[in-house]
Amino acid sequence: MRTEQESAVEHDGGDRPTGEAVIVRAPTEARNPRTLDIDRVSALEVLRRINAEDATVPAAVEAALPDLARAVELGVAALEGGAAIHYFGAGTSGRIASQDAAELPPTYGVPPEWVRAHHAGGGTALIRAVEGIEDDWESGRADAAGITPGSLAVGLAASGRTPYVGGALEAARERSAATVLISANPGAPLADRVDVHVGMDTGAEVIAGSTRMKAGTAQKLALNAFSTAVMVRMGLTYSNLMVGVDATNGKLRGRVVTILAEAADADEEACARALTAAGGDTRTALVSLLAGVGAAEAGAALADARGRVRDALAALS
């Protein structure tokens, strides 16, 4: 039996590992004194206990915001340098990462290559748990083999010790990428191997070790905030409006016209004309409306401003 030791596990040919047991010493594995009798109370009381524990998560995330801000700046630096952001996770952590990455292109109109998610076990593990794959350090290294210098690797692990994540972060460092760990363990074993550790102290779960609960919620909050802040800092919003979305179909065209009308305080017909003149590019249409210039001039100003609407407007004024 080992404690917090990392090594590959042996398998019997199936999904269940047969190697040596590993005792994980992490807050997420402890028993919660507030739920010791949870199996003896009513359904409503079970839900109240869960809800009460869930209510503690935002404060844990808030305490880690300074470190999360450092991670955001690393993400912006990676994208501005022409590199990418890579997420690595297993189980719940990997599924949260995959969801976050998948939703960025339709929300902000960015290329899917900007933020890529790598889940231990691949696509199969997204819908069916593949036990043991998270213990494979070399699998993490292999999934990070394509990382280029200047990229950012973000590892997600509730306990902060997942071997798959550790292997990926190790390989990323060797390739001159910046590294971030997002965990629910301030004392995460992998913390001293990354540039930034976002360690959120969510404490013991309602059900001991069920890290899809508070730890998972904290990781989702942190990762959603991270990616949103990166997109904002990259100039993909104007105020709190999504201006990176381009009008590629009728539904999106209607949404974009509404966004333009709100942002420019203009009537929808004028916004529709500006959008047509801009070839469906939301930011070009917005700069054109706000600065009172043609689409070509607005597009040129945006190119000089690296796509940032406010910077383009400042240059035109």
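Notes on the structure in this doc start here.

In the contact formed by helix α12 (residues 295-304) and helix α13 (residues 309-316), the axes pass within 8 Å of each other and the chain directions differ by 115°. In this structure, α12 meets α13 at a crossing whose hand is right-handed. Residue-level contacts link Glu297, Ala301 and Leu302 of α12 to Val309, Ala312 and Leu316 of α13.

Okay, the layout of surface pockets next. The computed volume of the largest pocket comes to approximately 520 Å³. For the largest pocket, the lining is made up of 27 residues, of which Ala90, Gly91, Thr92, Glu134 and Thr211 are closest to its centre. For the lining of the largest pocket, the leading source of residues is helix α4 (residues 91-108), giving 4 residues.

Below, the discussion takes up the nonpolar core. Counting 36 residues, the largest nonpolar core has Ile85, Tyr87, Val154, Ile182, Met200, Phe226 and Val230 as its most contacted members. Elements represented by at least two residues in this core include exactly α2 (57-63), α3 (65-80), β3 (85-89), α4, β5 (152-156), β6 (178-183), β7 (196-199) and α8 (214-233). Contacts of Val230, omitting those with residues within four sequence positions, involve Val72, Gly75, Val76, Leu79 and Ile85. Residues Tyr238, Ala264, Ala278 and Ala312 belong to the second largest nonpolar core, which totals 27 residues.

What follows deals with the pairing of strand β4 (residues 115-119). The side chains of a regular strand alternate, residue by residue, between the two faces of the sheet. Bridge count between β3 and β4: 5 bridges; the pairing is parallel. The partner of Ile85 across the bridge, within β4, is Val115.

This part takes up unusual backbone geometry. Backbone geometry follows two general trends: most residues other than glycine have a negative phi, and most peptide bonds adopt the trans configuration. A positive phi angle is found at Ser176, which is not glycine, with a value near 60°. Among the secondary structure elements, Ser176 is positioned in the loop between α7 (163-174) and β6. Taking the relative accessible area as the measure of exposure, Ser176 reaches 52% and is therefore exposed. A positive phi angle is found at Asp265, which is not glycine, with a value near 55°. Inspection of the secondary structure assignment puts Asp265 in the loop between α9 (250-264) and α10 (268-277).

The strand order β4-β3-β5-β6-β7 describes an open sheet built from 5 strands, whose pairing is parallel. At either end of the open sheet lies a strand with only one pairing partner, and these are β4 and β7. Looking at each pair of strands side by side, their axes are set apart by 15° on average, direction ignored. Taken strand by strand, α3 contacts β3, β5, β6 and β7, and its axis lies near 135° from that of β7. The strands that α4 touches are β3, β4 and β5; relative to β4, the one it contacts most, it runs at about 155°.

Procedures and definitions
- Just so you know, the residues in each chain are numbered from 1, in the order the chain's sequence is written.
- For a predicted model such as this one, the threshold for reporting local features is a pLDDT of at least 70, and the threshold for listing and counting side-chain atom pairs is 80 or more; totals across whole chains, interfaces and linings nevertheless cover every residue.
- Water and hydrogen atoms play no part in the side-chain values, which are based on all heavy atoms of the structure.
- The axes used here are C-alpha line fits, helices contributing only the stretch in contact, and every angle between their N-to-C directions lies in the interval 0 to 180 degrees.
- Per the convention used, a helix needs a DSSP run of H or I reaching at least four residues, while a strand needs a run of E reaching at least two, with both numbered from the N terminus.
- The handedness criterion is simple: a crossing whose near helix is rotated anticlockwise from the far helix by less than a right angle is left-handed, and one whose near helix is rotated clockwise is right-handed.
- Two residues qualify as a contact provided that any one of their heavy atoms is within 4.5 Å of a heavy atom in the partner residue.
- A cavity, in this analysis, means grid points on a 1 Å lattice covering only the protein atoms where a 1.4 Å probe fits yet has no way out; a pocket is instead an open set bounded by protein on both sides within 12 Å along at least five of seven lines, and a residue lines either one if it has an atom within 4 Å of a point.
- Grid points are joined across faces, edges and corners, and a volume is the space filled by probe spheres set on the points.
- We define a nonpolar core as any set of buried Ala, Val, Leu, Ile, Met, Phe, Trp, Tyr and Cys residues linked to one another through side-chain atoms lying within 4.5 Å.
- Each residue is placed in one exposure class: buried if its accessible area under a 1.4 Å probe, protein chains only, is under 20% of its type's maximum, exposed if it is over 50%, and partly exposed if it falls in between.
- DSSP bridges decide pairing: two strands pair if at least two such bridges lie between them.

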